[in-house]
Amino acid sequence: MTLLQITNLSKSFKSRTVVDNVSFSINDGEIFGLLGPNGAGKSTTLSMVCGLLKADSGNISIGGYDLKTDSFKAKELIGIVPQETALYPELSAVANLKFWGSINGIEGRSLDYAINNALTLVDLKDRALDRIGKYSGGMKRRLNIAAGLIHNPKLLIMDEPTVGVDPQSRNHILDTIRTLKDQGTTIIYTSHYVEEVEQLCDRVAIMDHGKLLTIGTLAELQHEAGELHEVTVAFSSLETPPMKQIQGLTGVKQAALLENSIKILTPNAEQLLPLLFEMLVSNRISITEIKIKKPNLESLFLKLTGRALRD
Ligand SMILES: Nc1ncnc2c1ncn2[C@@H]1O[C@H](COP(=O)(O)OP(=O)(O)OP(=O)(O)O)[C@@H](O)[C@H]1O
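Computed from a prediction, not measured in an experiment: that's the story for all the values here.

Student: Would you take a moment to explain the overall build of the protein chain for this structure?
Tutor: When its secondary structure is counted, the protein chain shows 11 helices and 14 strands. Per-residue burial for the protein chain yields a buried fraction of 38% across its 311 residues. Here the analysis covers contacts within the protein chain between residues at least 6 apart in sequence; of these, 70% occur between residues at least 24 apart.

Student: Explanation requested: the sheet that holds strand S14 (residues 287–293) in the structure shown.
Tutor: Paired through their backbone hydrogen bonds, the strands of a sheet run either parallel or antiparallel. Read from one edge of the open sheet, 4 strands run S12-S13-S11-S14, paired in antiparallel fashion. Every interior strand has two partners, whereas the edge strands, strand S12 (254–257) and S14, have only one. Sheet twist, expressed as the mean angle between neighbouring strand axes with direction ignored, is 15 degrees. Summarising the sheet, strand S11 (residues 229–235) and S14 pair through 6 bridges and their orientation is antiparallel. Its bridge partner being in S14, Glu 230 is matched across the sheet by Lys 293. Together, S11, strand S13 (261–266) and S14 form the strand contacts of helix H10 (residues 269–282), whose direction differs from that of S11 by roughly 25 degrees.

Student: What is the right way to look at the environment of Ile 80 in this model?
Tutor: Looking at the secondary structure, you find Ile 80 in strand S6 (residues 78–81). Placed 73 residues apart in sequence, Ile 80 and Pro 153 show a C-alpha to C-alpha distance of 9.0 Å. If sequence neighbours within four positions are ignored, Ile 80 has contacts with Cys 50, Gly 148 and Ile 157.

Student: Could you clarify how one ought to interpret the site of the ligand in this entry?
Tutor: Residues in close proximity to the ligand include Phe 13, Val 18, Gly 36, Asn 38, Gly 39, Ala 40, Gly 41, Lys 42, Ser 43, Thr 44 and His 192, which together make up its full environment. No other element matches helix H1 (residues 42–49), which puts 3 residues into the shell around the ligand. Taken together, the residues of the shell around the ligand sort by class into 3 nonpolar, 7 polar and 1 charged.

Student: Sorry, what's going on with helix H5 (residues 137–148) here?
Tutor: Relative to the 16 Å expected for 12 residues at 1.5 Å per residue, H5 spans 17 Å between its end C-alpha atoms, a close match to the ideal helical length. For H5, the full list of buried residues reads Met 139, Arg 141, Arg 142, Leu 143, Asn 144, Ile 145, Ala 146, Ala 147 and Gly 148.

Student: Just to check I follow, could you spell out the nonpolar core for this structure?
Tutor: The nonpolar side chains of a soluble globular protein tend to be buried with one another. Core analysis: the largest hydrophobic core is formed by 82 residues, its most contacted members being Ala 146, Ile 157 and Ile 188. Here this core takes 5 residues from H5, the largest share from any one element. Of the domains in this structure, domain 1 (2–223) and domain 2 (227–294) are the two that each give at least three residues to this core. Contact partners of Ile 188, with chain neighbours within four places excluded, come to Ile 26, Phe 32, Leu 34, Leu 46, Leu 155, Ile 157 and Met 158.

Student: Help me out: how do you make sense of the environment of His 192 in this one?
Tutor: With respect to the helices and strands, the residue His 192 is situated in the loop between strand S8 (186–191) and helix H7 (194–200). The exposure class of His 192 is partly exposed, given the 19 C-beta atoms found within 10 Å. Between the C-alpha atom of His 192 and that of Leu 309, which follows or precedes it by 117 residues, the distance is 7.2 Å. Among all residues touching His 192, those that are not within four sequence positions of it are Leu 35, Gly 36, Pro 37, Asn 38, Leu 309 and Arg 310.

Student: Would you explain the pairing of strand S1 (residues 2–13) in this entry?
Tutor: Looking along a regular strand, one sees side chains alternate from face to face of the sheet. Across 8 bridges, the pairing between S1 and strand S2 (residues 16–27) is antiparallel. Its bridge partner lying in S2, Gln 5 is registered against Ser 25. What sits between S1 and S2 in their antiparallel hairpin is a turn of 2 residues, with Lys 14 showing a positive phi close to 55 degrees. Bridging between S1 and strand S4 (residues 57–62) involves 5 bridges; their strand directions are antiparallel. Pairing of Ser 10 across the sheet is with Ser 57, part of S4.

Student: Just to check I follow, could you spell out the pairing of strand S9 (residues 203–208) for this structure?
Tutor: With 4 bridges connecting them, strand S3 (residues 31–35) and S9 associate as parallel partners. Residue pairing across strands places Leu 35 opposite Ile 206, the latter belonging to S9. Linking two consecutive strands that pair antiparallel, namely S9 and strand S10 (residues 211–217), is a turn of 2 residues; a positive phi of about 45 degrees is found at His 209 within it.

The rules behind these values
- Residues numbered from 1 in each chain as written.
- Predicted model: local features only at pLDDT ≥ 70, side-chain atom pairs only at ≥ 80, totals over all residues.
- Helix = DSSP H or I, 4+ residues; strand = E, 2+ residues; numbered from the N terminus.
- Buried ≥ 20, exposed ≤ 12 C-beta atoms within 10 Å, placed from the backbone.
- Contact = placed C-beta atoms within 7 Å.
- Pairing = 2+ DSSP bridges.
- Axes fitted to C-alpha atoms, helices over the stretch in contact; angles between N-to-C directions.
- Near = placed C-beta within 6 Å.
- Nonpolar A, V, L, I, M, F, W, Y, C, P; charged D, E, K, R; others polar.
- Expected span 1.5 Å × (residues − 1).
- Core = buried A, V, L, I, M, F, W, Y, C linked by C-beta atoms within 7 Å.
- Domains from an automatic or database assignment.

Spelled out as structure tokens, the structure:
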């Protein structure tokens with residue numbers, strides 16, 4: 001069953017179109033990944049879904065309620081975990097969640113129950129009464145998640161919830177998301193970390209420059225990436241690699257330059273590597289590491305755009 005339907009959504013800031021005629025739908029109970037580099041238009045799309053930003057054109061319906069004509073009912077179904085934490089540092093976790101609960105219309109016993117559930121889920125019960133000004137960045141992020149789900153939303157929208165957190169908190173956040181899914185919550189998860197999206201998501205959409213490039217299950221997108229190898233060559237930063245020549249080598253489908261590495265898609269890494277070495281050595285590029293991988297979502301992005309996801 002479709003929980004969220006987005007149809008022909010567009011948004012411009014001044015004359016710049018940052019969301020360009022985007023349509024997709026999200027099924028009840030799935031974890032849906034929205035993947036794209038910085039500035040792709042992910043947050044703008046989600047801000048429109050949350051009703052925080054008005055679309056220039058297009059339609060959004062949540063649980064069958066149109067966001068324009070049935071906005072209250074549609075918004076009731078959503079919980080938001082924004083990129084920036086929206087918490088009061090001088091208050092405890094419990095006081096912060098009381099505030100978030102009350103603006104969502106939860107009171108009394110139900111609110112105590114909801115706070116207890118949310119703090120258990122994000123594993124912050126033993127720090128519940130501490131001022132959150134003393135929390136680590138990862139703990140604040142986890143509390144931010146608790147705030148987003150205090151009213152038990154059907155659809156939880158999470159905008160890069162793991163950016164800048166330590167690995168332990170990151171794993172914790174990923175586990176929390178899986179538990180939420182098991183409890184029946186539908187989740188939209190934006191990220192520019194391919195590994196997280198591959199680990200978590202049932203279906204994925206890839207966005208760039210405001211456009212939806214592709215959408216499908218992980219298996220479908222991996223298939224779309226095709227039988228290409230992704231070769232990553234790291235080099236010391238003394239020289240600049242000759243990208244034009246590399247792109248012209250036999251067997252190179254795409255090649256993109258990152259800070260200290262080159263990512264290449266090729267149907268045959270074994271045949272390409274000797275040619276590539278020769279070229280790099282003759283251009284006085286000293287290679288520090290080489291990796292060959294099966295295609296993943298990052299290779300698909302490279303295939304679709306000719307660029308690396310994080311450049
Ligand atoms: N209020 C605004 N006014 C003008 N431009 C904006 C505004 N909000 C976003 N933009 C621009 O729109 C583009 C898309 O931004 P958006 O935040 O949606 O991208 P994103 O995919 O979420 O990226 P990130 O991963 O960095 O959050 C960017 O170029 C951004 O600078």
